[in-house]
Amino acid sequence: MKNLDPIATQQYIEKADHFLKGMQLAALEFAPYRTGIALLAVHSAISLNDAITTGITGKRCRHQDHLAAVRDLEGISRKHRVQNLNGIGHFRWLLTEKTNIAYGRRRLDDALIRMSIDRAERFHSWAYNYFKEILHAAVGA
Amino acid sequence: MLRSVLSEAQQHSRVKNAVAHFLFGALIVPKIFFDAEWPSRKSGVDILAVDRAGAGEIHIVEVKLGSSDLPNCVRSIARIPAHFKYLALFGNGSYHPSDRSLYAPDGMGRVGVIQVRENRADELRAEFVVRPERFRLDSSYFKQIDKFTSARPADMEIRP
């Protein structure tokens, strides 16, 4: 896998890091940041997906339909023969919950927030495991 | 309280666990290995952490309890190939590392110092006394760390 836009990839990785670390920091206190934690989880995954997509295609995913971004990632994964597709499931779950988290009128329950954290962290782990060449080159490691 | 009934080996492992937990929170979804044969089978480190699920930078930690020969430990750590290197201390309250010994000869890199303390509830807490600075590392070590991480399952990681 060759990275077609390592600079943009690096910028999206940096955003993903900020969202993920913000999520983890807020989760230490939890109660005052509940909804923010879940939204940071979603955005950490979106930014990391942008890093992968930009690195592989040279273009950022610009779909308004969130699930189209999932389909794109799934297509990329299959094309590059990624055996483990768990990350697609984590990403789909986070994007499906995004509208509820950001705009829903009901209070989010703790289980959903904790699941958001879990899904976001597992999505990051999946991405770095299976798109190592793309993300590795961009982080300069 | 428990500390007095534990052997030195048990206490050493307990401190390793606390430091690994601390690093796990500080890095981005790292893979962490205890007692890792790094950089070769002839040498080892107490903790090896590879950031970003194995795709990122290499961190190594040596844990020292009590009054070991700490200046010598710092020199040994400085020779181990890694981007970030740490000396983790427990029960060495009087040791203050001299700034010069922590730095790489070319100035690029500083060994970090982590202090581990036990609170009244017998919980271990780790914190930076000296924050690490990144060392220069030959790119050949990336292939080596890839081999290492694919050959050995991590002791701590977020499952994808």
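Higher on the page you've got the structure.
Residues numbered from 1 in each chain as written. Chains lettered and ligands numbered in written order. Predicted model: local features only at pLDDT ≥ 70, side-chain atom pairs only at ≥ 80, totals over all residues.

Bringing the overall build of chain A into the picture now. Per the secondary structure count, chain A includes 6 helices and 0 strands. The order of helices and strands in chain A, counted from the N terminus, is α-α-α-α-α-α. Expressed along its principal axes, the backbone C-alpha trace of chain A runs to roughly 45 × 30 × 25 Å. Across the 141 residues in chain A, those meeting the buried criterion constitute 43%. (Helix = DSSP H or I, 4+ residues; strand = E, 2+ residues; numbered from the N terminus. Buried ≥ 20, exposed ≤ 12 C-beta atoms within 10 Å, placed from the backbone.)

Let us now look at the overall build of chain B. Secondary structure summary: chain B contains 4 helices and 6 strands in total. Relative to the 2.2 N^0.38 estimate, which gives 15 Å for 160 residues, the radius of gyration of chain B is 15 Å and therefore close to what a compact globule would have. Counting only C-alpha atoms, chain B reaches 45 × 40 × 30 Å along its principal axes. Looking at chain B as a whole, 40% of its 160 residues are labelled buried. The contacts of chain B with a sequence gap of at least 6 include a subset with a gap of at least 24, amounting to 59%. (Rg over C-alpha atoms; globule rule 2.2 N^0.38 Å. Contact = placed C-beta atoms within 7 Å.)

Between chain B and chain A, the contact holds 12 residues from the first and 17 residues from the second. Of the residues assigned to the side of chain B that touches chain A, the class counts are 6 nonpolar, 2 polar and 4 charged. (Nonpolar A, V, L, I, M, F, W, Y, C, P; charged D, E, K, R; others polar.)

Residues and elements named next belong to chain B. If you trace the 6 strands from one edge of the open sheet to the other, you get E1-E2-E3-E4-E5-E6, paired in mixed fashion. Each end of this open sheet is capped by a strand with a single partner; those strands are strand E1 (31-36) and strand E6 (124-130). Shown here is a sheet whose adjacent strand axes are inclined to one another by a mean of 25°, direction ignored. Strand direction decides the pairing type here: strand E3 (residues 58-65) and strand E4 (residues 84-90), joined by 7 bridges, are parallel. Directly across from Leu 65, in E4, lies its bridge partner Phe 90. Helix H2 (residues 70-79) rests against E3 and E4 of the sheet, and its axis sits at about 155° to E4. (Pairing = 2+ DSSP bridges. Axes fitted to C-alpha atoms, helices over the stretch in contact; angles between N-to-C directions.)

Another point: the packing of helix H3 (residues 66-79) of chain A against helix H4 (residues 86-103) of chain A. Each pair of packed helices can be described by the angle between their axes along with the distance between the axes. Residues and elements named next belong to chain A. Their axes nearest at 9 Å, the elements H3 and H4 cross at an angle of 170°. The pairing of H3 with H4 is recorded here as roughly antiparallel in orientation. Along the contact surface, H3 presents His 66, Leu 67, Ala 69, Val 70, Leu 73, Glu 74 and Ser 77, while H4 presents Ile 88, Phe 91, Arg 92, Leu 95 and Lys 98. Class assignment for the residues of the contact of H3 with H4 results in 7 nonpolar, 2 polar and 3 charged. (Parallel < 35°, antiparallel > 145°, perpendicular 65-115°, else oblique.)

Further remarks concern the packing of helix H2 (residues 34-57) of chain A against H4 of chain A. All names here are of chain A. Direction vectors running N to C along H2 and H4 enclose 135°, while the axes themselves pass 9 Å from each other. On the basis of their axis angle, the class for H2 and H4 is oblique. Between H2 and H4 the crossing geometry is left-handed. Residues Thr 35, Ala 38, Leu 39, Ala 41, Val 42, Ala 45 and Asn 49 of H2 pack against Phe 91, Leu 94, Glu 97, Lys 98, Ile 101 and Ala 102 of H4. (Left-handed = near helix turned anticlockwise from the far one by under 90°.)

In globular proteins that are soluble, nonpolar side chains generally tend to be buried together. Counting 79 residues, the largest nonpolar core has Ala 41 of chain A together with Val 19 and Ala 88 of chain B as the members making the most contacts within it. Other than its neighbours up to four places away in sequence, Ala 41 of chain A contacts Met 23, Leu 94, Ser 116, Ile 117, Arg 119 and Ala 120 of chain A. (Core = buried A, V, L, I, M, F, W, Y, C linked by C-beta atoms within 7 Å.)

Residues and elements named next belong to chain A. Taking 1.5 Å per residue, 24 residues should reach 34 Å; helix H1 (residues 6-29) reaches 35 Å between its end C-alpha atoms and fits that length. Where H1 is concerned, the buried positions are Thr 9, Tyr 12, Ile 13, Ala 16, Phe 19, Leu 20 and Met 23. Immediately beyond the C-terminal end of H1, within one or two residues, lies Phe 30, with a positive phi of roughly 60°. (Expected span 1.5 Å × (residues − 1).)

As a further point, take helix H1 (residues 8-26) of chain B. Look at H1 of chain B: 27 Å from first C-alpha to last across 19 residues, which is about the 27 Å you get at 1.5 Å a residue. Each element contacted by the buried residues of H1 of chain B is listed here: E1, strand E2 (45-50), E3, E4, strand E5 (112-118) and E6 of chain B.

Next up on the list: the pairing of E3 of chain B. All names here are of chain B. Counted residue by residue, E3 has 7 buried out of 8 residues, so it is predominantly covered. When E2 meets E3, the two strands line up antiparallel, connected through 4 bridges. Across the sheet, Leu 48 pairs through a bridge with Ile 60, a residue of E3.

Residue and element names in this part refer to chain B. Tracing the backbone through its elements, the reader meets Phe 22 in helix H1. Residue Phe 22 is classed as buried on the basis of its 20 C-beta neighbours within 10 Å. In this structure the C-alpha to C-alpha distance between Phe 22 and Phe 128, which are 106 residues apart in sequence, comes to 9.8 Å. When sequence neighbours within four positions are dropped, the list of residues in contact with Phe 22 reads Ile 114 and Ala 126.

Residues and elements named next belong to chain B. Locating Gly 112 in the fold gives a position in strand E5. Spatially, the C-alpha atom of Gly 112 lies 9.6 Å from that of Arg 134, the residues being 22 residues apart in sequence. Ignoring any residue separated from it by four or fewer positions in sequence, one finds Gly 112 in contact with Phe 84, Lys 85, Tyr 86, Phe 128, Val 130, Arg 131 and Pro 132.

In short, the description is geometric, and any link to function would need to be established separately.
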